[in-house]
Each structure stands twice: as C-alpha cells, then as structure tokens.
Amino acid sequence: TMANNFANQVEMAMTPIGFLKMAQANSATMSTKSEKGKKWTVLSFPIDGGDGKQVYKTTVSGYIDAQNLVQKVEVMIADNFLGDISWNAQFTNWKDFGNGIKFPAQITQRQWDPKFFELTVDHLAINAPVDLAPPATKGGAKGAPAGAAAATTRAAPRAQGRAAGRGVDPGE
C-alpha cells in the first residue's frame, strides 16, 4: 500500500547510504547552513507515498560536513492531527572498516526528542550473508518458528555483520 511504501521510504532516508541514493533520485536541492559554529551542506527533497501521490507532506534534509560525510538526516512530516512530526538520525564516529569503506560506528534515531533506536557497529562486512533467524529468548529457549520469523523479519538497509543494537525506552 502507499502508506507502507511511504514508511519504507522514511526508513531508507534514515540511513546515510539510503539518504544519498534518495537525494540523487529525487533531484535534491542544495544549500549551505551554519549551525552552532559548523558549516553544513544541506541536501533536501520531498518524498511521496509512491505512484506520485503524497501520503503526507514530507521534507527530508541531510547535513553533510566538510569531509563529505552525512552526519544527520531530518525528516519532517506534516500531519493535520499531530502537527509536524520530526524524525532524525545522527551518524557519528565514522570509521574506515577496511578497503576504504567508511561507515558510522554509531547511529541514533529520535522521534521528536526521545531516542527510539540506537545502533553501535563494531564490524562491517560487504555483501556478507545475513542470518535473519530470531535470537533465542531469555532462558535459552529458541525463538519463533521459521515460518513466523519469515513473516515478521525484514532486512533493513543498515550495516551488515556484527552490530550491537538496543531498543531504547522512549522515557530515556
């Protein structure tokens, strides 16, 4: 559906590589901005829900530093009921993981202010197979059956390999 496609586009925009690909595909506008003493190159573009129909009026802006690294992405979604919804992702501690491949070792996403996702990347492997089986539950029991996992697990456009991530309590 259009709403699912819209959600997938927002998720893709919240990654450094996804943001750059979407900026290119959507003919992003470029501007400069100074914020807290830092100068940024800002790429901005709207996203729609697919088929050229806009589900919500949405603007995506990515902030690129002097080293040409995406440091943060802001997604502003206009909603008649809730008002402007601000999602952002910050990409910090960029490292060279080998072969000249740079990727942020820390990714934090927020909706309005509370953190809702935090990921620490300690290893990056390009085109490595990914095991999408659910982890064992507390107490050592096996996770959900394979059929259930296939229905509820999807590969996110994020770093593949060993990564330690934790859900964050919105009250943090």
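Residues numbered from 1 in each chain as written. Predicted model: local features only at pLDDT ≥ 70, side-chain atom pairs only at ≥ 80, totals over all residues. Heavy atoms only, no water.

**Student:** Quick question: what am I supposed to make of the overall build of the protein chain here?
**Tutor:** The helix and strand tally for the protein chain stands at 3 helices and 8 strands. Moving toward the C terminus, one meets the helices and strands of the protein chain in the order α-α-β-β-β-β-β-β-β-α-β. Split into buried and exposed, the 172 residues of the protein chain put 33% on the buried side. A total accessible area of about 10,800 Å² is found for the protein chain, and carbon and sulfur atoms account for 53% of it. (Helix = DSSP H or I, 4+ residues; strand = E, 2+ residues; numbered from the N terminus. Buried < 20%, exposed > 50% of the residue type's maximum accessible area, 1.4 Å probe, protein only. Areas by Shrake-Rupley, 256 points an atom, 1.4 Å probe, with all protein chains shown as cover.)

**Student:** So what exactly am I meant to see when it comes to the pairing of strand β7 (residues 115–121) here?
**Tutor:** Within a regular strand, side chains alternate between the sheet's two faces. Looking at chain direction, strand β6 (residues 102–111) and β7 are connected through 5 bridges and run antiparallel. Pairing of Gln 106 across the sheet is with Thr 120, part of β7. Connecting the antiparallel pair β6 and β7 is a turn made up of 3 residues, with Trp 112 showing a positive phi of about 55°. (Pairing = 2+ DSSP bridges.)

**Student:** Explain helix α2 (residues 16–25) here, please?
**Tutor:** Note: α-helices contain 3.6 residues per turn, so residues at a spacing of three or four share the same orientation. Buried within α2 we find Pro 16, Gly 18, Phe 19, Met 22 and Ala 23. For α2, the arc enclosing every buried residue in end-on projection is 160°, short of the 170-degree limit, so these residues lie on one face. The exposed set on the far side of α2, more than 90 degrees from its buried face, consists of Ile 17, Lys 21, Gln 24 and Ala 25. (Arc of directions from axis to C-beta.)

**Student:** Help me understand the pairing of strand β5 (residues 83–96), please; the structure alone is not making it clear to me.
**Tutor:** Two elements, strand β4 (residues 70–79) and β5, share 8 bridges in a ladder whose sense is antiparallel. When the bridges of β5 are listed, Glu 74 appears paired with Asn 88. Both β5 and β6 contribute to a ladder of 9 bridges, which runs antiparallel. Residue Trp 94 lies in a different strand from β6, and its bridge partner there is Pro 104.

**Student:** Whenever I open this one, the environment of Met 30 confuses me. Can you help?
**Tutor:** With respect to the helices and strands, the residue Met 30 is situated in strand β1 (residues 29–35). For Met 30, a relative accessible area of 65% translates into the label exposed. Taking C-alpha positions, Met 30 is 4.7 Å from Leu 43, a pair spaced 13 residues apart along the chain. Residues contacting Met 30, with those up to four places away along its chain left out, are Thr 41, Val 42 and Leu 43. (Contact = heavy atoms within 4.5 Å.)

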